[in-house]
Amino acid sequence: MLIAGLSPAFRLAANNTRIRSQLYASRLYIEGSAVRKMSKSTPPKVFITRRVPDRGPALLKSECTVTQWDSDEPISREELLSKVQGVDGLFCLLTEKIDAELLDAAGPNLKVVGTMSVGYDHVDLVACAERGVKVGFTPNVLTSAVAELTVSLLLATSRRLKEGIRAVENGSWGTWKPMWLCGPGLDGSTVGIIGMGRIGMAVARCLQPFGVARFVYSDFDEQPKARDIGAEFLPLDEVIASADFLLACCALTSETKGMFNMDLFKKMKNTAVFINTSRGGVVQQDDLYKALVSGEIAAAGLDVTTPEPLPTNSPLLKLDNCVILPHIASATHKARSAMSELTAKNILAGLKGQTIPSEITA
Ligand SMILES: O=C(O)C(=O)CO
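Residues numbered from 1 in each chain as written. Predicted model: local features only at pLDDT ≥ 70, side-chain atom pairs only at ≥ 80, totals over all residues. Heavy atoms only, no water.

**Here we look at the site of the ligand**
Note the cut-off: Any residue with a heavy atom lying within 4 Å of a molecule or strand is counted as near it. Definition of a polar contact: a pair of N or O atoms within 3.5 Å, with one able to donate and the other able to accept a hydrogen when the atoms are protein atoms, and with sequence-neighbouring residues admitted only if both atoms are side-chain atoms. Calculation of accessible area relied on Shrake-Rupley with a 1.4 Å probe; when residues are assessed, cover is drawn exclusively from the protein chains displayed. The classification used treats Ala, Val, Leu, Ile, Met, Phe, Trp, Tyr, Cys and Pro as nonpolar, Asp, Glu, Lys and Arg as charged, and all other residues, Gly among them, as polar.
Every residue lining the ligand is accounted for by Leu94, Ser117, Val118, Gly119, Leu142, Arg279, His327, Ser330 and Met339. Between the ligand and the protein, one listed contact pairs an oxygen atom with a side-chain N or O atom of Arg279 at 2.7 Å. For the ligand, whose unbound accessible area comes to 230 Å², protein coverage reaches 90%. For the shell around the ligand, a count of residues per class yields four nonpolar, four polar and one charged.

Set out below in structure tokens:
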């Protein structure tokens with residue numbers, strides 16, 4: 001448990017008439033209060049659902065009373081429902097479901113939820129809007145980290161690193177063999193991207209120097225920025241059929257849920273490699289398994305699965321042509337620290353009734 005009180009900076013700010021009126025407007029300042037009363041007013045309460053990089057909690061502690069789930073493991077739902085009671089702000093992760101039940105357990109003081117993630121499929125935005133609760137998320141600050149990991153996974157999968165490392169470790173390496181552990185290279189290839197948002201674009205830019213011949217993509221609309229790299233906006237089926245590497249970079253929504261199914265895998269080239277760094281829910285995992293075993297596609301690399309963690313008896317883990325990582329795409333020190341800080345800034349702005357730096361609405 002970590003508790004922090006009202007900061008000296010916050011008290012100093014209350015001496016300034018302009019700031020005082022902002023505080024007043026934002027309900028951080030008790031009605032009719034003067035500077036004298038300010039120090040007696042209760043700072044907003046924020047609950048943080050996990051141990052996170054220090055920048056976010058430190059910022060929050062300078063202005064709020066912070067309570068934190070002091071563990072690297074997730075808080076149980078039951079405990080969460082109890083801890084959120086009466087909070088003004090909630091700092092959560094993608095592992096917590098923010099739904100009507102939780103919002104009601106928090107109660108009417110709750111003004112803002114900040115999720116330390118770019119994905120927000122775990123947050124019921126409509127339920128938040130209905131209760132006047134603002135929602136902040138963390139786009140941009142993790143884009144390069146996720147793009148980097150997507151490229152790593154693509155290379156690890158296509159160049160068969162899992163099999164290679166195993167062979168070295170278990171003694172089956174033998175000698176140099178001309179046909180052993182060959183895989184497709186990026187040079188001259190067609191890369192298909194499903195979801196050409198911030199991350200899709202960043203991945204394409206990272207892949208450019210590898211000599212990719214063609215970038216093709218599918219999205220709701222043409223993305224003007226994609227023209228900078230000459231990426232072609234095509235119907236989904238054309239992207240799927242032409243890609244040597246097919247990358248899922250889309251958000252999980254009702255439209256994308258389970259879209260990577262057998263029907264889609266059958267339309268891919270038998271030599272194609274499928275990579276998913278978005279959400280496990282966009283893939284029908286049983287279909288992916290069958291597609292990998294039957295040779296509908298050549299290989300798959302996943303940073304996200306359903307469920308997470310993937311049970312160790314999952315048949316996917318037995319396959320040589322499937323590389324699975326434990327949802328680490330944004331796991332650079334820089335990205336995680338920036339995510340923590342941005343989450344805190346979103347929460348502070350929401351508490352003060354200011355514009356939330358990265359707000360997501362229904
Ligand atoms: O931010 C997200 O949505 C992730 O999946 C982890 O960084």
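**Observations concerning the sheet that holds strand 5 (residues 134-136)**
Which entries qualify depends on this criterion: Only strands joined by at least two bridges in the DSSP assignment are considered to pair. Helix and strand definitions here come from DSSP, where helices need a minimum of 4 consecutive H or I residues and strands a minimum of 2 consecutive E residues; each element is numbered from the N-terminal end. Where helices are involved, their axes are fitted lines through C-alpha atoms of the stretch in contact, as for all axes, and angles between N-to-C directions lie from 0 to 180°.
Read from one edge to the other, the open sheet built from five strands follows the order 2-1-3-4-5, with strand pairing classed as parallel. Among the strands making up the open sheet, the edge pair consists of strand 2 (65-68) and strand 5. Adjacent strand axes in the sheet meet at a mean angle of 15°, parallel and antiparallel pairs treated alike.

**Considerations on the UniProt feature "domain: D-isomer specific 2-hydroxyacid dehydrogenase NAD-binding" (unreviewed entry) in the protein**
This is how the line gets drawn: UniProt positions are given in the numbering used here, feature names are shortened, and annotations may be inferred rather than shown by experiment.
When the UniProt feature table is mapped onto this chain numbering, "domain: D-isomer specific 2-hydroxyacid dehydrogenase NAD-binding" (unreviewed entry) sits at residues 151-329. Across residues 151-329 one finds 28% helix and 15% strand; the C-alpha atoms that close the span lie 10 Å apart.

**Some details on unusual backbone geometry**
To keep it simple, the criterion reads: For every residue, the accessible area obtained with a 1.4 Å probe (protein chains only) is divided by the maximum for its type, and the residue is called buried under 20%, exposed over 50%, and partly exposed between those limits.
With an omega dihedral of -5°, the bond running from Thr306 to Pro307 counts as a cis peptide bond. By secondary structure assignment, the location of Pro307 is in the loop between strand 11 (299-302) and strand 12 (322-324). For the bond running from Glu308 to Pro309, omega is 0°, close enough to zero to count as cis. Assignment of secondary structure puts Pro309 in the loop between strand 11 and strand 12. Positive phi, close to 55°, is recorded for Arg160, a residue that is not glycine. The residue Arg160 is located in the loop between helix 8 (143-158) and helix 9 (161-170) in this model. What makes Arg160 partly exposed here is its relative accessible area of 28%. The phi dihedral of Leu181 is positive, around 55°, even though this residue is not glycine. Within the fold, Leu181 resides in the loop between helix 9 and strand 6 (190-194).

**Some points on the UniProt feature "domain: D-isomer specific 2-hydroxyacid dehydrogenase catalytic" (unreviewed entry) in the protein**
According to UniProt, the feature "domain: D-isomer specific 2-hydroxyacid dehydrogenase catalytic" (unreviewed entry) maps to residues 46-360 in the numbering used here. Structurally, residues 46-360 comprises 34% helix and 14% strand, and the distance from its first C-alpha atom to its last is 19 Å.

**What to know about the domain arrangement of the protein**
It is common to give the size of an interface as the accessible area lost on bringing the parts into contact. Quick reminder of the rule: Note that the domain bounds were set by an automatic or database domain assignment. Two residues form a contact once any of their heavy atoms are found within 4.5 Å. Put simply, buried area is how much 1.4 Å-probe accessible surface two parts lose in total, over both of them, once they are put together. Within this document, salt bridges are pairs made up of a side-chain nitrogen of Lys or Arg and a carboxyl oxygen of Asp or Glu, the two lying within 4 Å of each other.
Assigned domains within the protein: domain 1 (45-139 + 334-360) and domain 2 (161-170 + 183-320). Counting from both sides, the interface comprises six residues of domain 1 and, opposite them, four residues of domain 2. Surface buried jointly by domain 1 and domain 2 totals about 410 Å² across both partners, of which 53% is contributed by carbon and sulfur atoms. Counting across the domain 1 and domain 2 interface gives one salt bridge. The salt bridge involving Arg279 is made with Asp121; its shortest N-O contact spans 3.0 Å. Connecting domain 1 to domain 2 are one residue pair in polar contact (both at pLDDT 80 or more).

**Focus on the sheet that holds strand 12**
The strand order across the open sheet formed by seven strands is 8-7-6-9-10-11-12, and the pairing between neighbours is parallel. Of all the strands in the sheet, just strand 8 (232-233) and strand 12 have a single pairing partner and so form its edges. Where helix 8 meets the sheet, it contacts strand 9 (245-248), strand 10 (273-276), strand 11 and strand 12, and its direction lies at approximately 150° from that of strand 10.

**Re the nonpolar core**
The condition that has to hold: By nonpolar core we mean a set of buried residues, namely Ala, Val, Leu, Ile, Met, Phe, Trp, Tyr and Cys, connected to one another through side-chain atoms within 4.5 Å.
Leu60, Val191, Ile193, Met196, Leu207, Phe215 and Leu247 are the most contacted members of the largest nonpolar core, which has 50 residues in total. Sorting the residues of this core by element identifies strand 1 (45-48), helix 8, strand 6, helix 10 (198-207), strand 7 (214-218), strand 9, strand 10 and helix 14 (333-352) as the ones contributing at least two each. Built from parts of two domains, this core gets at least three residues from each of domain 1 (45-139 + 334-360) and domain 2 (161-170 + 183-320). If near-sequence neighbours (up to four positions away) are discounted, Val191 is found in contact with Leu186, Leu207, Val212, Arg214, Phe215, Val216, Phe245 and Leu247. Core analysis: the next-biggest nonpolar cluster, separate from the first, contains 28 residues, Ile194, Phe260, Phe274 and Val282 among them.

**Details of the side chain of Thr138**
Among the secondary structure elements, Thr138 is positioned in the loop between strand 5 and helix 8. Of the residues examined, Thr138 reaches a relative accessible area of 0% and is grouped as buried. Excluding its chain neighbours within four sequence positions, the residues that come into contact with Thr138 are Thr115, Met116, Ser117, Val118, Met339, Leu342 and Thr343.

**Some points on the environment of His122**
Checked against the element boundaries, His122 lands in the loop between strand 4 (112-115) and helix 7 (125-130). Since its relative accessible area comes to 8%, His122 is described here as buried. Between the alpha carbons of His122 and Leu94 there is a distance of 6.2 Å; along the sequence they are 28 residues apart. In this structure His122 touches Cys92, Leu93, Leu94, Glu96, Lys97, Ile98, Thr115 and Ser117, once residues within four positions along its chain are discounted. Among the polar contacts made by the side chain of His122, one reaches the main-chain carbonyl oxygen of Leu93 at a distance of 3.4 Å.

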